[in-house]
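# Coordinate analysis (summary)
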Amino acid sequence: MGKKKALVAMIAIIAAASISLLLLTMPAPDLVPVQLSRAHLFPGVPNHLYVTIENIGDSDAHGFNVSLEMNGTIIDKKRVSGLRAGDSISIDFSWRPAQTGTYNLTVNADCDHEIRDSNELNNKLLETVEVLSTIPDLTIKEIDALHFTNTHDICLTKPLYCSAWFNLSNFIEVTVKNKGTEAGAFNVSLYINGAFFGEKRVPALDTGAQTRLTFNWTPGGCDCFDDCTPLTYELLAIADSDNEVEEEDETNNDLTSQEEVFWNGYSADEPLVNVAHGKLRGGIYITTGNSSYYRNLTTNESVTYIYNVSLPPGSEVALARYSVPFTWCSRIPAAAIDITTPGGLRYTVQPEASYFDRPCEFSKTNPVYGNLVFNLTPLVRAQGVYKITLRNINSPKFYPSACPLLIVYKNDNKPLIEYWLDEGADYLIGGRRDRGGFLALTECINEAPFPGTIDLHGVNNAYLAVISPWGGETWEVGAPEYNYLYFNGRKIGANVYRGYYNGTHQSFPVISTDVWSSNAQIGINISDVTDYLTAGDNFAAQGDNGDAMMPTTAILVVEY
């Protein structure tokens, strides 16, 4: 090819590219149906539907057709003479449906493809419409059993979290819809497993409207630790159950739903139990030594902690109990401890008491939480350094928090005290959190009884000490008061627990606590409850409102 021909070819290529670039950037209209509005639709009569078409492109559009389709068939078509860029137009379609029911209507802007749009994919709008009866037609649209009523959006993605729970106050929501013209007053009846449960009055229901009725429901059941399983209930709702409204269809007034109910172990379902009660001259000392939260002490693994027991001179140990609170176990665990005394003697000790809690079928993994308690009274006899080795025997997952050593000691130089010691394990997730099943604070208040009578005339002071692993720290946004402490039904305080991350020391004349670890993940508190003490059957309560905590210990000490 000669130079002249090559130059001509290059000019042709450049010109073609320029034309292509010009075509790519040339302004074009873009017709979009943005709205289909209508009043109530009825069969056998002309119904008006108004369609809004907007030109969102950057060029005017000349004449084009707009169609209205019903279930894929064109029922009407209108001509638009033109539409400027940025303008919109409303088109009136007429439709005479043959009968009541639900229909899919499609609006197609430029249905005959007369306009070259910049976007040919946004020319259609699909709407589902309902053609109503010319007289009332009452139906039950939905039946749902929930624990908390403000959870509908979350329930779409987390249905298990929204279940109804045994032994707690739940809600059955019945949605009634009128698929016809306005209906007067009528009753809606609810049956559970074939037995009449309740009735609600609807004063009136407008044309095409719906209303939601709420029935309170507390189904009975028991814990999976007691070999109980979820139960399925048949719920039947009937609209216009007394036949007060003349309807187009009298056969579509009822709906049946199967609802499964579970035990939710994150509620306060494991009260603490009184294990010791006595009177002596002396005091109480609680220490976690250098123990801390251990992330997964696996099977056959062990960890050793040091406890430096320091008591007032002349003290004698009357009671010594060692607690191992744990979480996230994949099975009920077996554990033991080896204790070495200040004199160098070594002993192996098995738990004297075991307390367990778990969410049951509510949780897919259903982990075991709990507290293993060891009686060390025969072994902790004097002051000094005790070495305690905790051994996980069988559980692939075992996450202990810091482990408290509780000592009741005698000392003739101390005041006369009377004490009550309660133990247990009750894992709580309150504060309406989805992962806890939307439990309220009132459903997550663990109680600890102190039975017996007290001569109030001789009382100088009274103290309440509580221990709650994982209490005192929250990751929940917007939870300013995430735990509560009560005594005899009166609120002592909120966010009272100390020691989770920063350690703590509290000391009163007859009771003191020490937490040294910076990662104990345990909450401890001592409060003066002298003004709240009663003559008999005192009790403490610990409540979760967004903390995720496990009350394990409550101690009442009365100083005379």
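From N to C terminus, the protein chain includes 2 helices and 35 strands. Here the protein chain has a C-alpha radius of gyration of 36 Å; the compact-globule value for 560 residues is 24 Å, and the former is much larger. Considered along the principal axes of its C-alpha atoms, the protein chain spans approximately 105 × 95 × 40 Å. Out of the 560 residues in the protein chain, the part that is buried amounts to 52%. Partitioning the intrachain contacts of the protein chain with sequence separation of at least 6 by distance along the chain shows that 78% fall at a separation of at least 24. Only carbon and sulfur atoms are counted for the fraction: they give 50% of the accessible area of the protein chain, which is about 25200 Å².

Here we take up empty space enclosed by the protein. Counted according to the given criterion, the structure contains 2 cavities of 30 Å³ or more. Reported here for the largest cavity is a volume of approximately 80 Å³. Ile286, Arg321, Ser323, Pro404, Leu406, Leu421, Glu423, Ile467 and Thr553 together form the lining of the largest cavity. Mapped onto the lining of the largest cavity, the elements with two or more residues apiece are β18 (316–329) and β26 (416–423).

So, about the confidence of the model for the protein chain. Detailed reading of predicted coordinates is not advised where the pLDDT is low. Of the residues in the protein chain, 95% reach a pLDDT of 70 or more, and the chain-wide mean stands at 94. In the model, residues 1–24 has pLDDT below 50 throughout and makes 1 contact with residues more than four positions away in sequence or in other chains.

The final tally for this structure, using the stated rule, is 14 salt bridges. Residues Glu130 and Lys179 are paired through a salt bridge, measuring 3.7 Å at the closest nitrogen-oxygen approach. One end of the pair, Glu130, is in strand β7 (residues 124–131); the other, Lys179, is in the loop between β10 (170–178) and β11 (186–192), and 49 residues separate them in sequence. In this structure, Glu423 and Arg321 form a salt bridge, with 2.6 Å as the shortest nitrogen-oxygen distance. With Glu423 in strand β26 and Arg321 in strand β18, the pair connects residues that are 102 residues apart, well separated along the chain. Here Glu423 and Arg321 have matching classes, each one buried. In the salt-bridge network here, residues are joined through shared partners; they are Glu130, Lys177 and Lys179.

This model, assessed by the stated rule, comprises 2 disulfides. Here Cys222 is linked by a disulfide to Cys228, with a sulfur-sulfur distance of 1.5 Å. Cys329 provides the cysteine sulfur closest to Cys403, a residue in no disulfide bond, and the two sulfurs are 12 Å apart. For Cys403, a relative accessible area of 0% gives the class buried. Not part of a disulfide, Cys444 finds its nearest cysteine sulfur in Cys360, a span of 14 Å.

Here we take up the environment of Lys410. For Lys410, the location among the structural elements is in strand β25 (residues 405–410). Residue classification places Lys410 among the partly exposed residues on the basis of a relative accessible area of 39%. Spatially, the C-alpha atom of Lys410 lies 4.3 Å from that of Gly282, the residues being 128 residues apart in sequence. Leave out the neighbours within four places in its chain, and Lys410 touches Leu280, Arg281, Gly282, Gly314, Ser315, Glu316 and Ala318.

The next thing to look at is the pairing of strand β33 (residues 522–528). Among the 7 residues that make up β33, 6 are buried, leaving the element largely enclosed by the rest of the structure. Summarising the sheet, strand β28 (residues 461–469) and β33 pair through 7 bridges and their orientation is antiparallel. Opposite Ile467, over in β33, you have Ile524 as the bridge partner.

In total, this model carries 22 aromatic pairs according to the counting rule given. When the centroid spacing of 5.1 Å and the interplanar angle of 90° are considered together, the rings of Trp217 and Tyr233 count as edge-to-face. Taken together, the residues span a long stretch of sequence, with Trp217 in strand β13 (residues 210–217) and Tyr233 in strand β14 (residues 231–239) at a distance of 16 residues. What makes Tyr233 buried here is its relative accessible area of 10%.

It is worth spelling out the environment of Asp531 at this point. Position of Asp531 relative to the elements: it lies in the loop between β33 and β34 (536–544). By relative accessible area, which is 68% here, Asp531 ends up exposed.

Attention now goes to the sheet that holds strand β1 (residues 31–38). In spatial order, the strands read β1-β2-β5; together these 3 strands make up an open sheet with antiparallel pairing. In the strand order of this sheet, the two ends are held by β1 and β5 (88–95), each with one partner. Averaged over all pairs of adjacent strands, the angle between their axes in this sheet comes to 25°, without regard to strand direction. Sheet analysis places β1 next to strand β2 (residues 47–55), joined by 7 bridges and oriented antiparallel.

Membership of the largest hydrophobic core comes to 42 residues, with the highest contact counts inside it found for Phe450, Leu464, Phe487, Leu533, Leu556 and Val558. Among the elements of the structure, β21 (353–357), β22 (368–375), β27 (445–453), β28, β29 (483–487) and β35 (553–559) are those that each provide at least two residues to this core. Not counting residues within four places of it along the chain, the set of residues in contact with Val558 comprises Leu416, Ile417, Glu418, Trp420, Ile454, Val459, Asn461, Ala462 and Leu533. Formed by 32 residues, the second largest nonpolar core is a distinct cluster that contains Tyr285, Val317, Ile339 and Leu379.

Relative to strand β30 (residues 490–494), β29 runs antiparallel, the two being bridged by 4 bridges. Bridging from a neighbouring strand, Tyr484 pairs with Ala494 of β30. Taking the residues between adjacent antiparallel strands as the criterion, β29 and β30 are bridged by 2 residues, where Asn488 takes a positive phi near 55°.

Bringing the layout of surface pockets into the picture now. Looking at the largest pocket, its volume works out to about 490 Å³. Trp328, Tyr369, Tyr427, Ile429 and Arg435 are the residues nearest the centre of the largest pocket, which is lined by 27 residues in total. Along the lines of polarity and charge, the residues of the lining of the largest pocket split into 15 nonpolar, 6 polar and 6 charged. Its boundaries defined by the atoms lining it, the second largest pocket holds a volume of some 150 Å³. As for the second largest pocket, its lining consists of Tyr293, Arg295, Trp328, Cys329, Ser330, Thr365, Pro367, Lys397 and Tyr399. For the lining of the second largest pocket, the residue count by class is 5 nonpolar, 2 polar and 2 charged.

Across the sheet, 4 strands lie side by side as β27-β34-β29-β30; this open sheet has antiparallel pairing. Of all strands in the sheet, those with a lone pairing partner are β27 and β30, marking the two edges. Ignoring strand direction, the axes of neighbouring strands in this sheet form an average angle of 15°.

About the criteria used
- Residues numbered from 1 in each chain as written.
- Predicted model: local features only at pLDDT ≥ 70, side-chain atom pairs only at ≥ 80, totals over all residues.
- Heavy atoms only, no water.
- Helix = DSSP H or I, 4+ residues; strand = E, 2+ residues; numbered from the N terminus.
- Rg over C-alpha atoms; globule rule 2.2 N^0.38 Å.
- Buried < 20%, exposed > 50% of the residue type's maximum accessible area, 1.4 Å probe, protein only.
- Contact = heavy atoms within 4.5 Å.
- Areas by Shrake-Rupley, 256 points an atom, 1.4 Å probe, with all protein chains shown as cover.
- 1 Å grid on protein atoms, 1.4 Å probe; cavity = no way out; pocket = protein on both sides within 12 Å on 5 of 7 lines; lining within 4 Å.
- Points joined across faces, edges and corners; volume = space filled by probe spheres on them.
- pLDDT = per-residue confidence, 0-100.
- Salt bridge = Lys/Arg side-chain N within 4 Å of Asp/Glu carboxyl O.
- Disulfide = S-S within 2.5 Å.
- Pairing = 2+ DSSP bridges.
- Phe/Tyr/Trp six-rings, centres within 6.5 Å; stacked < 30°, edge-to-face > 60°.
- Axes fitted to C-alpha atoms, helices over the stretch in contact; angles between N-to-C directions.
- Core = buried A, V, L, I, M, F, W, Y, C linked by side-chain atoms within 4.5 Å.
- Nonpolar A, V, L, I, M, F, W, Y, C, P; charged D, E, K, R; others polar.

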